[in-house]
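Chain residues, written in single-letter form:
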Amino acid sequence: MTLNERAAQLHRLATRLYLRDVTLLVGRLLLSFIFLHEGVTLATHFEGAAKAMAALGVGLPLLVATIALQLGAGLSVATGLLTRPGAVGLGLFCLATAMLFHTNFASQNELLHFEKDLAISGGMFVLAVAGAGRFSLDWLLAGYLQQRRRDKDMVAALLAVENQFSLRLPV
């Protein structure tokens, strides 16, 4: 393989990796949008949402927990901060929603919501496995912590060398 062929191969690999990260970012934003929108809607129309949820047998504490999960985990996935736990939480939430609220398969609308929740759940579980990618706060935080660890190790090594060569005067 010539040098030019190797360079072209490296360029293709870099392009593919960049596209992977862009795709993960777009996917995270698209997946999180429904939860952020719904969470904001429930929070801004809290009284009406509480009445509607009560009619379905959902109490106030569960409504508040739902809003907190949708906003918290939705932001987690969107920003890429603690993406994996956020995606797992939303994936489990979608599974529970499908199994508890969309089981009337005689209704085409309920069947559609059931299938939608399963699909979103699957997407969240795939995201939990794949991670957030480079365009995320997880990536920035990991890089920062790695640099801090290297700096700490370097300071420890320098102190060890200094202690090894320091003059010890008799007292």
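This structure is a prediction, so every number in the text was calculated from the model and none was measured. Along each chain, residues carry numbers from 1 onward, in the same order as the chain's sequence is written. Note on the predicted model: pLDDT of at least 70 is required for a residue's local features to be given, and 80 or more for side-chain atom pairs to be given and counted; whole-chain, interface and lining totals, by contrast, use all residues. Water and hydrogen atoms were dropped before computing side-chain values, which therefore reflect all heavy atoms in the structure.

## A few points about the packing of helix α3 (residues 60-79) against helix α4 (residues 83-101)
Thought 1: In this analysis an axis means a line fitted to C-alpha atoms, helices contributing only their contacting stretch, and an angle means the value between N-to-C directions, from 0 to 180 degrees. Numbering goes from the N terminus for both helices and strands, where a helix is a DSSP run of H or I of at least four residues and a strand is a run of E of at least two. For the pair α3 and α4, the least separation of the axes is 8 Å and the interaxial angle reads 140°. By the criterion of interaxial angle, the relationship of α3 to α4 is oblique. Here α3 and α4 pass one another in a crossing that is left-handed. Across the interface between the two elements, T66, L69, Q70, A73, G74, S76 and V77 of α3 pack against T83, G86, A87, G89, L90 and F93 of α4. When an angle is under 35 degrees it counts as roughly parallel; over 145 it counts as roughly antiparallel; between 65 and 115 it counts as roughly perpendicular; any other value is oblique. With the far helix as reference, a near helix turned anticlockwise by less than a right angle produces a left-handed crossing, and one turned clockwise produces a right-handed crossing. It only takes one pair of heavy atoms within 4.5 Å for two residues to be counted as in contact.

## Some remarks on the layout of surface pockets
Thought 1: The way it works is a 1 Å grid over only the protein atoms, where trapped points that fit a 1.4 Å probe form a cavity and open points with protein on both sides within 12 Å along at least five of seven lines form a pocket, and then any residue with an atom within 4 Å of a point lines it. Grid points are joined across faces, edges and corners, and a volume is the space filled by probe spheres set on the points. Considering only enclosed or pocket space, the largest pocket measures out at about 610 Å³ in volume.
Thought 2: Taken together, the elements giving at least two residues each to the lining of the largest pocket come down to α1 (3-44), α3, α4 and α5 (108-130).
Thought 3: Residues that form the lining of the largest pocket fall into these classes: 16 nonpolar, five polar and three charged. Residue type decides the class: Asp, Glu, Lys and Arg count as charged, Ala, Val, Leu, Ile, Met, Phe, Trp, Tyr, Cys and Pro as nonpolar, and the leftover types, Gly among them, as polar.

## Focus: a nonpolar patch on the surface
Thought 1: A surface patch of nonpolar side chains, amounting to about 800 Å² of accessible area, comprises L81, L82, L137, W139, L140, L141, Y144 and L145.
Thought 2: Here L81 lies in the loop between α3 and α4.
Thought 3: Per-residue accessibility, obtained with a 1.4 Å probe over protein chains only, is compared with the maximum for each type, and a residue is labelled buried under 20%, exposed over 50%, and partly exposed between these values. Here L81 falls in the partly exposed class, since its relative accessible area comes to 35%. Here the term patch refers to residues with relative accessible area over 30% and no salt bridge, with like charges joined within 9 Å and nonpolar side chains (Val, Leu, Ile, Met, Phe, Trp, Tyr) within 5 Å. Each accessible area is a Shrake-Rupley result for a 1.4 Å probe, and residues are judged covered by the shown protein chains and nothing else. The term salt bridge refers to a side-chain nitrogen of Lys or Arg lying within 4 Å of a carboxyl oxygen of Asp or Glu.

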